[in-house]
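Per-entry structural report
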Amino acid sequence: MKPRAPKPKGLAYKRLPRRALLLGGLQVVFIGGLAARMRFMQVDQADEYRLLAEENRINIRLIPPTRGRIYDRNGEIIGQNSPSYRIVIVREDAGDIDKVIAKLSDLIPLTEDEIERAKTEMHRSAPFLPVTLADQVTWEDISKVAVNAPALPGVTPEVGSTRQYPRYEDFAHIVGYVGPVSDYDLSQIEDPEPVLRIPRFQIGKVGLEAKQEISLRGRAGSKRVEVNATGRVMRELDRQEGTAGADLQLSVDADLQQYAQARLAGESAAAVVIDCETGDLRAMASAPSFDPNLFVRGISVADYRMLTEDKYRPLANKTVQGTYPPGSTFKMVTALAALEAGVIGPGNTVYCPGHLKVGSRRFHCWKRGGHGMVDLNTSLKRSCDVYYYDVAIKVGIDKISEMANTLGLGIKHDIPMSAVRAGLAPNQEWKQRTHGEEWLIGDTANASIGQGFMLASPMQLAVMTARIATGRAVAPRLVRSIDGVEQHSGAGEPLAISPANLRYIREAMFSVSNDRRGTAYRSRIIADEFRMAGKTGTSQVRNITKAERAAGVIRNEDLPWERRDHALFVSFAPYDNPKYAIAVVVEHGGGGSKAAAPVARDIMLQALYKGTPPLEAYPTADRDRIKEQQKRLEGDRRPKARPDAKDRA
C-alpha cells in the first residue's frame, strides 16, 4: 500500500460540518421565498394593495337628505328646515376620545349630559359615523373649533338643519313632529336605510310627519373625503348629491285652523271643517294643543309631565282619535234608515209622553213632560228621543248600522294621521262576536239616539254631515298635492239613498237652526246667502238612576267636570248650495245647543267669509258679545315671540 502524499506546507484545509450546510441551505430557501413573496405582492397584486392603501386614507360619508317642506292650501309654510350649527366627532378619526373631548371642553361649554350622551352614541354606532357633541351652538363657538382644528382630530364643525314649526300649536295634532331615530324606530323597520343609523338623524314620530315619512325624508347622498394619518379631513374628493324629500301641500287653511284653535281655547274640544265639494279638510282643531318644537330636540321632563298630567289631554288628537257617543246628531242616521226601509214617511207621527216603555224598562225623552205628537221634521227640530226609540225598534239595528256605514260612521277613513279610529256602528253580529251576548231591543233604543255602544269621532261626524248635505260619498282629503302632483279628490260618487229622503232630512236640519222652536235657533246665521242647517247633540257619560230622575236630574253645571255630558253640533252651509260641513265636540260641555252650536256657527262664518265676518251675519242680540269676542280672538291669534331651544332648556 502506497503511503499518502504529504500536504503542502502553508495550506490549511477544513471540512465544512453537515450542520452548517443545512443552515446555509435553509437561509437560501428563506431568502428565495421572501423574494418571491415580495415580487408577488409588489408586482402581481400591486393593484389590490394600492386600492387598500387608498381606502385607508379615503373615507366615504353619508350626506343626510333635505327633508321636504309642508305647506297649507294657500302656500303658508307649516313645517320647514332651519340652519343649525353643531360640533360632531368621528370616533375612528379622533384616537383618544377623552383627550380630544377634554381639549374641546376648554374651547366651548360642554355639559356632562352632552358628553355622556355623545359617548353612549359613539359606542352604539359604527366608528366611521359622526356623532353630535354639541348642538345649536353659536357662530363664535364654530369659529373657535375651526381655528383649533389641527389639535382636535376627528372633530368637525358642521352646518346642518333641524325641523321647525312656525305655526307652533296650530298644526301640532295634524303635522305632528320629528325626533332622533331610536332603537325602537329601527326595530320597526325591516331593512333600515344606512342614513337612519346616523346618530340623531331625525324622522317623523307622529302625525303627518310619521305617516308621510318616506315621501318627506328623501334619499341620502354621499361624499369621498381624504384624511391624513391623524384622521383630519384634508379635502373633499367628490360628492354625489342625494334627493330632497317631497314637498307636501295640505288641504287645511292655516288662517281658519288658527281661528278654530283660538275659538276652542279653554275647552277640551275638537272641531272639523270639511269642504263638501272636494272632501278637503279645511280645519282640524283639537284643544288644548302643544308646541311641537319642544319635541324636536328632546322635550324636558318638566314640560312632558305638564302635558301628560293635564286632564284636558293636550297630546291627544281629539279630531280623529277621540270617539264619543254621537248623541242626537245620530238621529239623522236612524231617520234615513227608517225612510229607506219604508217604515216611516215624513208625515207619520209618533206620540211622545216623555218616555217609551220597552219591556219592563222605560226609555225617557230629554223633555220630562214629552213633546206630544211629532212628525219627522218636528222630531229633529225639537230633538224628541221617543220618536227615534219607536222608529228604531221598527226598522232594527242592522239597517241602522248599515246606514251609519253608508254615511261614513263606523269605518276608518284613510288619512295620513296618527291613531285614526274607526268608531263603532254596532249590529247584532258585532255584539255576539265581541261580547258573546244576544242583541237586546233596549240596545236598539239606546243606539237610535247615538248612545249605548255607538261611537264616532268629530271627523266622522263631519263626513256624515257632508254626505247628507250633498248626497255623495264625500271622503276626507288631508294632502292636496305631493311635489305639485294633485292627489285624488274626495268628492265621491252619489250615495245609494233616495234624494227625496235626503231632502226631508236637510229640511228638518234647516228647521233646527232657523225655526224659533229649533234647538239651535239661538246660534243661527242671519245672512240669507249663508243660512245654516244643523243638529245639536248631547251625549251622556253617566247613568241617571231612578231616584235621581224622580227627584230631578242634576244639572251639568252642578256636577264635577268629568261627569258632565259631552256637547255636540253638526251643520252645513249654505243650505241651498252646501260649501262646508262642520262637527264640533266639547268634552263635558253640557248641552250641544249651548256649548257646541255657537262655536260651530262662528267657525262656519269664518270659513264662509274667508276671514272675520261682518256683525250683520249674527243675530242682533249677539252682536255686542261677538264684537268683543272678535277683538279678543284677534289678539290671541297675533304671532308671539317664542324662546329658542337653548332658552327653554
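Just so it is clear, the model here is predicted, and its values are computed rather than measured.

To continue, consider the pairing of strand S20 (residues 566-573). Most of S20 is tucked away, with eight of its eight residues classed as buried. As paired strands, strand S19 (residues 533-539) and S20 are joined by seven bridges and run antiparallel to one another. Across the sheet, Gly534 pairs through a bridge with Ser571, a residue of S20. In the sheet, S20 pairs with strand S21 (residues 580-586) via seven bridges, with the strands oriented antiparallel. If you follow Val570 over to S21, its bridge partner there is Ala583. In this antiparallel pair of consecutive strands, S20 and S21, the connection spans six residues.

What follows covers unusual backbone geometry. The omega angle of the peptide bond from Ala287 to Pro288 is -5 degrees, so this bond is cis rather than trans. On the secondary structure map, Pro288 appears in the loop between strand S12 (281-287) and helix H12 (293-296). That bond from Ala573 to Pro574 is cis: its omega, -10 degrees, falls within 30 degrees of zero. Considering the arrangement of structural elements, one finds Pro574 in the loop between S20 and S21. With a phi close to 50 degrees, Tyr168 is a non-glycine residue in the positive phi region. Counting through the fold element by element, Tyr168 comes out in the loop between strand S5 (155-164) and helix H7 (172-175).

Moving on, we come to the pairing of strand S3 (residues 77-90). In summary, the side chains of a regular strand alternate between the two faces of the sheet. Inspection of the sheet shows strand S2 (residues 70-71) paired to S3 by two bridges, in the antiparallel sense. In the strand pairing of S3, Ile70 is matched with Gly79. What sits between S2 and S3 in their antiparallel hairpin is a turn of five residues, with Gly75 showing a positive phi close to 90 degrees. Pairing of S3 with S5 involves 10 bridges; the strand directions are antiparallel. Residue pairing for S5: Ser82 is matched across the bridge by Thr162. Across five bridges, the pairing between S3 and strand S4 (residues 130-135) is antiparallel. Bridging across to S4, Arg86 finds its partner in Asp135.

Okay, the environment of Val391 next. Relative to the helices and strands, Val391 resides in helix H16 (residues 385-395). Judged by its relative accessible area of 0%, Val391 is buried. Residue contacts for Val391: discarding those within four places in its chain leaves Thr334, Ala338, Val343 and Ile344.

A complete count under the given rule lists zero disulfides for this structure. For Cys352, which is in no disulfide, the shortest distance to another cysteine sulfur is to Cys384 and amounts to 3.6 Å. Cys352 sits in the buried class, given a relative accessible area of 1%.

The N-to-C vectors of helix H20 (residues 458-470) and helix H21 (residues 499-514) enclose an angle of 115 degrees; their axes lie 8 Å apart at closest approach. Between H20 and H21, the interaxial angle falls into the category roughly perpendicular. In this structure, H20 contributes Thr465, Ile468, Ala469 and Thr470 to the contact, and H21 contributes Leu502, Ile505, Arg506 and Met509. Split into classes, the residues belonging to the contact of H20 with H21 amount to five nonpolar, two polar and one charged.

Rules used throughout
- Residues numbered from 1 in each chain as written.
- Predicted model: local features only at pLDDT ≥ 70, side-chain atom pairs only at ≥ 80, totals over all residues.
- Heavy atoms only, no water.
- Buried < 20%, exposed > 50% of the residue type's maximum accessible area, 1.4 Å probe, protein only.
- Helix = DSSP H or I, 4+ residues; strand = E, 2+ residues; numbered from the N terminus.
- Pairing = 2+ DSSP bridges.
- Contact = heavy atoms within 4.5 Å.
- Disulfide = S-S within 2.5 Å.
- Axes fitted to C-alpha atoms, helices over the stretch in contact; angles between N-to-C directions.
- Parallel < 35°, antiparallel > 145°, perpendicular 65-115°, else oblique.
- Nonpolar A, V, L, I, M, F, W, Y, C, P; charged D, E, K, R; others polar.

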